[in-house]
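Letter by letter, the chains look like this.
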Amino acid sequence: MLRRARLHSVQCLSTYGRAQTIFRMQHTALAEKRVIVSGIQPTGVPHLGNYLGALKSWVELQNTAQPQDELYFFIVGLHALTVPQNPKTLFADRQNLMAALLAIGVDPLRCTLFQQDAVPEHAELMWYFACITSFGRLERMTTWKSKLATLHNGGNTDHVQASQLQLGLFAYPVLQAADILLYHPTHVPVGEDQAQHLELTRDIAEGFNRMVKKRYFPTPSTLHTPSKKILSLRNPAVKMSKSAPDANSRILLTDSPKNIQAKVRRAVTDADRFLSYDPEARPGVSNLINILSALDGGTLRRELGTTVLDTDPARLAETLHTATGGSGAKLKAILSESLIEALRPIQERYHDLLQDPTYLATIEKRGAERARERAHTTISQVRTMLGLQKETL
Ligand code: TYM
């Protein structure tokens with residue numbers, strides 16, 4: 001049963017519950033084909049930040065795509081290797097993430113869904129890009145700088161810091177540029193933390209084009225959702241992340257209702273006895289409102305006894321203030337219910353899919369075959385342009 005059932009600049013995706021509105025900005029280019037490309041690391045079950053910042057928009061983009069559009073979504077096993085991994089855990093994480101992507105609604109018939117590490121052209125293109133990317137450019141990447149800062153806090157000298165870190169970690173953004181440009185995308189939907197990687201991707205595309213004296217690679221637009229940065233529930237000064245030591249700082253897509261309630265209840269807010277949306281002054285409470293506004297709103301409408309709801313965060317905060325008398329505890333109760341309801345069907349599908357490893361393996365295999373067809377064309381053209389072969393095969 002399962003098998004059967006189964007603009008150069010940053011743009012903003014309006015996901016406030018109406019998928020149809022998502023690509024209104026694209027209407028000017030109705031006949032133009034869109035190629036959407038994005039990826040996620042297999043480092044455990046996705047959290048709410050991954051879901052609301054990126055994955056949910058993948059599904060919305062898929063559901064609003066025109067027949068001529070192409071969508072490529074992948075799990076980046078090669079990126080996961082930039083930090084030490086236990087092979088058994090990594091293998092399970094890759095598979096579980098595939099199940100999670102299917103469970104949230106990525107449709108393998110509509111999208112090319114695959115494991116990046118099964119498409120060796122990603123690593124090959126990365127090498128070509130590594131040969132045109134300067135050391136200095138990569139040294140300025142935030143992820144690299146924060147790694148250095150972490151070491152520095154441990155008391156290391158500059159020289160030791162640099163020599164201790166791995167080449168893979170340093171060159172990671174170049175691999176990401178290869179992941180993206182291999183498929184000649186028009187748009188890349190990601191959370192805010194990936195914006196700098198996308199800028200580098202465009203710079204690499206332009207650098208390559210200058211070298212071969214033709215506009216071969218596109219400079220894709222970054223697509224952000226309004227929930228492009230979901231914050232930690234324990235420390236709203238930083239984003240929600242998989243690697244934060246405190247597990248209460250994030251909600252996983254597989255968290256039980258009890259866990260969700262407990263984590264939301266412990267979410268750090270402030271002492272003010274009213275609700276308002278002010279991300280600068282009140283990051284904790286604004287984060288909770290932001291999460292609510294990004295969910296589909298069915299539970300929220302029921303809780304508030306209304307059929308019409310403006311989910312713009314600032315207006316939603318006003319509605320919630322009136323409905324709850326400004327109570328933070330009530331806001332948290334409403335948020336917990338909304339999350340439990342939104343995640344329930346995803347969790348059911350996820351657990352069903354995990355029972356069917358053969359199906360998951362088939363999806364991965366087909367996805368990799370389709371991706372390789374496209375990737376092969378790019379690599380062959382690139383090899384010809386670089387002088388590694390006489391003509392494109
Ligand atoms: P990763 O695996 O850390 O995250 C996957 C996606 O989730 C988004 N995200 C968030 N969005 C909002 N709030 C948060 N707290 C939050 N945390 C994560 C990320 O922005 C991302 O869109 N380097 C990438 C993976 C990658 C990739 C690619 C992405 C490799 N190649 C090519 C796009 C295209 C990463 O580590 O994402």
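Every residue gets a number counted from 1 within its own chain, in the order that chain's sequence is written. With pLDDT at 70 or above as the cut-off, local features in this predicted model cover only qualifying residues; side-chain atom pairs require 80 or more to be listed or tallied, and sums for whole chains, interfaces and linings still use all residues. Each side-chain value is worked out from all heavy atoms of the structure, with water and hydrogens disregarded.

The protein is annotated in an unreviewed UniProt entry as Tryptophan--tRNA ligase, mitochondrial of Malassezia vespertilionis. UniProt positions are given in the numbering used here, feature names are shortened, and annotations may be inferred rather than shown by experiment. What UniProt states about the protein under its Subcellular location (unreviewed entry) heading is, verbatim, "Mitochondrion matrix". In its Sequence similarities (unreviewed entry) section, the UniProt record describing the protein reads: "Belongs to the class-I aminoacyl-tRNA synthetase family."

Chemist: Run through the overall build of the protein, naming residues and quoting values.
Modeler: If you tally the helices and strands in the protein, you get 16 helices and 6 strands. Between buried and exposed lies partly exposed: a residue is buried under 20% and exposed over 50% of the maximum accessible area for its type, with that area taken using a 1.4 Å probe on protein chains only. Within the protein, the fraction of its 393 residues that count as buried is 51%. What sets the accessible areas is the Shrake-Rupley method with a 1.4 Å probe; for residues, cover comes only from the shown protein chains. Here the protein has roughly 18,600 Å² of accessible surface; of this, 54% comes from carbon and sulfur atoms. Secondary structure counts use DSSP, requiring at least four H or I residues in a row for a helix and at least two E residues in a row for a strand, with both numbered from the N terminus.

Chemist: Residues and numbers for helix H2 (residues 48–63), please.
Modeler: At alanine 54, H2 is deflected by roughly 35 degrees, the largest bend along its length. Among the 16 residues that make up H2, 15 are buried, leaving the element largely enclosed by the rest of the structure. Values of bend correspond, residue by residue, to the angle between axes fitted over the seven residues ending at that residue and the seven starting there.

Chemist: Hey, could you go over unusual backbone geometry for me, with residue numbers and the actual values?
Modeler: We note that histidine 184 has phi near 50 degrees; this positive angle belongs to a residue other than glycine. Position of histidine 184 among the secondary structure elements: in the loop between helix H9 (167–181) and strand E5 (187–189). Judged by relative accessible area, histidine 184 falls into the buried class, the value being 16%. For lysine 213, which is not a glycine, the phi torsion comes out positive at approximately 60 degrees. Take lysine 213: it is sitting in the loop between helix H10 (195–212) and strand E6 (221–224). Its relative accessible area of 73% is what places lysine 213 among the exposed residues.

Chemist: Report on the packing of helix H4 (residues 87–104) against helix H15 (residues 328–354), specifying residues and quantitative values.
Modeler: Axis angle and axis distance: for two packed helices, these are the angle between their axes and the distance between the axes, and together they describe the pair. Following both chains from N to C, one finds H4 and H15 inclined at 135 degrees, their axes separated by 8 Å at the closest point. As the angle between them shows, H4 and H15 are arranged oblique. Pair H4 / H15 crosses with right-handed handedness. Mapping the contact onto sequence places Asn96, Ala99, Ala100, Leu102, Ala103 and Ile104 in H4 and Ile346, Arg349, Tyr350, Leu353 and Leu354 in H15. Residues that form the contact of H4 with H15 fall into these classes: 9 nonpolar, 1 polar and 1 charged. Here an axis means a line fitted to C-alpha atoms, over the contact stretch when the element is a helix, while the angle between two N-to-C directions is reported on a 0 to 180 degree scale. Note that the term roughly parallel is reserved for angles under 35 degrees, roughly antiparallel for angles over 145, roughly perpendicular for angles of 65 to 115, and oblique for everything else. The hand of a helix crossing depends on one turn: near helix anticlockwise from the far one by less than a right angle means left-handed, and clockwise means right-handed. Two residues form a contact once any of their heavy atoms are found within 4.5 Å. As a working rule, the residues Ala, Val, Leu, Ile, Met, Phe, Trp, Tyr, Cys and Pro are called nonpolar, Asp, Glu, Lys and Arg charged, and the rest polar, with Gly in that last group.

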